Amino acid sequence: MSVSTDVRLARDEAEVRKCFKAFKELRPHLKSEEDFVERWRAQTGEGYRLVYIQDGDAVPAAAGYRFLRTMAWGHILYIDDLVAVASRHRTGLGSAILRHLQEEARRLGCDAVHLDTGYQRHLAHRAYLRNGFRLDCHHLAWDVTR
């Protein structure tokens, strides 16, 4: 049985909640579904959007993104989060979401689509490269200690 690869925009909290289990695989530090929803609410105020693919009651793939204007890259669509649950890797769901976001970037006149990815995410890297991305830079981070 093949699943639809229709990518949907989460328009309300109920639709966002459907995505929690998928996001929890990507972001295991999320403490609870409530934590996830609170983070979504805060990020929505910064332009964050969430899209997903649904299969029955389950969400096997989802992504969070926003539009940014930067000195370095111009007007971009930035993918904060992209996940296909482990049991659905290599089924094309992540690529379907990537293609959707690439088309959204074209439609809205962006200069590029950007994302950061962990070094250990080799399957994801292959999917990004298959979908026209290139390895472009290193992302560095500094944690603020309180």
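What counts and what doesn't
Residues numbered from 1 in each chain as written. Predicted model: local features only at pLDDT ≥ 70, side-chain atom pairs only at ≥ 80, totals over all residues. Heavy atoms only, no water. Salt bridge = Lys/Arg side-chain N within 4 Å of Asp/Glu carboxyl O. Helix = DSSP H or I, 4+ residues; strand = E, 2+ residues; numbered from the N terminus. Pairing = 2+ DSSP bridges. Phe/Tyr/Trp six-rings, centres within 6.5 Å; stacked < 30°, edge-to-face > 60°. Buried < 20%, exposed > 50% of the residue type's maximum accessible area, 1.4 Å probe, protein only. Right-handed = clockwise from strand over helix to strand, strands pointing away. Contact = heavy atoms within 4.5 Å.

**Section: the pattern of salt bridges**
Turning to step 1, where the next piece is worked out: Under the criterion given, the structure shown has 14 salt bridges.
Turning to step 2, where the next piece is worked out: A salt bridge links D80 to R66, with the shortest nitrogen-to-oxygen separation between them at 2.9 Å. Remark: R66 occurs in strand 3 (residues 58–70) and D80 occurs in strand 4 (residues 74–84); sequence separation between them is 14 residues.
Turning to step 3, where the next piece is worked out: Taken together, the shared-partner salt bridges in this structure form one network comprising E13, R17, E33, E34, E38 and R41.

**Some thoughts on the sheet that holds strand 1 (residues 8–9)**
Turning to step 1, where the next piece is worked out: The strand order 1-2-3-4-5 describes an open sheet built from 5 strands, whose pairing is mixed. Two strands lie at the open edges of the sheet, namely strand 1 and strand 5 (112–115), each paired on one side alone.

**Regarding the packing of aromatic side chains**
Turning to step 1, where the next piece is worked out: All chains considered together, the criterion is met by 4 aromatic pairs.
Turning to step 2, where the next piece is worked out: Between the aromatic rings of Y65 and F67, the centroid separation amounts to 5.8 Å while the plane-to-plane angle is 85°, which identifies the pairing as edge-to-face.
Turning to step 3, where the next piece is worked out: For the ring pair Y128 and F133, a centre distance of 6.0 Å and an interplane angle of 55° mean the geometry is tilted. In terms of burial, Y128 and F133 fall into one category: buried.
Turning to step 4, where the next piece is worked out: Members of the aromatic cluster, connected to one another through ring pairs, are F20, F23 and F36.

**Overview of the pairing of strand 5**
Turning to step 1, where the next piece is worked out: Bridge analysis of strand 4 against strand 5 gives 4 bridges, and the strand direction is parallel. Its bridge partner being in strand 5, Y78 is matched across the sheet by H114.
Turning to step 2, where the next piece is worked out: For the crossover from strand 4 across helix 4 (residues 93–107) to strand 5, the handedness is right-handed.

**A closer look at the pairing of strand 3**
Turning to step 1, where the next piece is worked out: Judged from the 6 bridges that link them, strand 2 (residues 49–55) and strand 3 form a sheet pairing that is antiparallel. Note on strand 3: the bridge partner recorded for Y52 is A62.
Turning to step 2, where the next piece is worked out: In sequence, strand 2 turns back onto strand 3 through a hairpin of 2 residues, with G56 there showing a positive phi of about 65°.
Turning to step 3, where the next piece is worked out: Examined bridge by bridge, strand 3 and strand 4 share 10 bridges and lie antiparallel to one another. Across the sheet, residue A61 finds its bridge partner in strand 4, namely A84.
Turning to step 4, where the next piece is worked out: What sits between the antiparallel neighbours strand 3 and strand 4 is a turn of 3 residues.

**Thoughts on the side chain of N131**
Turning to step 1, where the next piece is worked out: Counting through the fold element by element, N131 comes out in the segment after helix 5 (122–130).
Turning to step 2, where the next piece is worked out: Take N131: its relative accessible area is 14%, and that puts it in the buried class.
Turning to step 3, where the next piece is worked out: Contacts of N131, omitting those with residues within four sequence positions, involve S95, L98, R99 and Q102.

Purely geometric numbers; function is a separate question.
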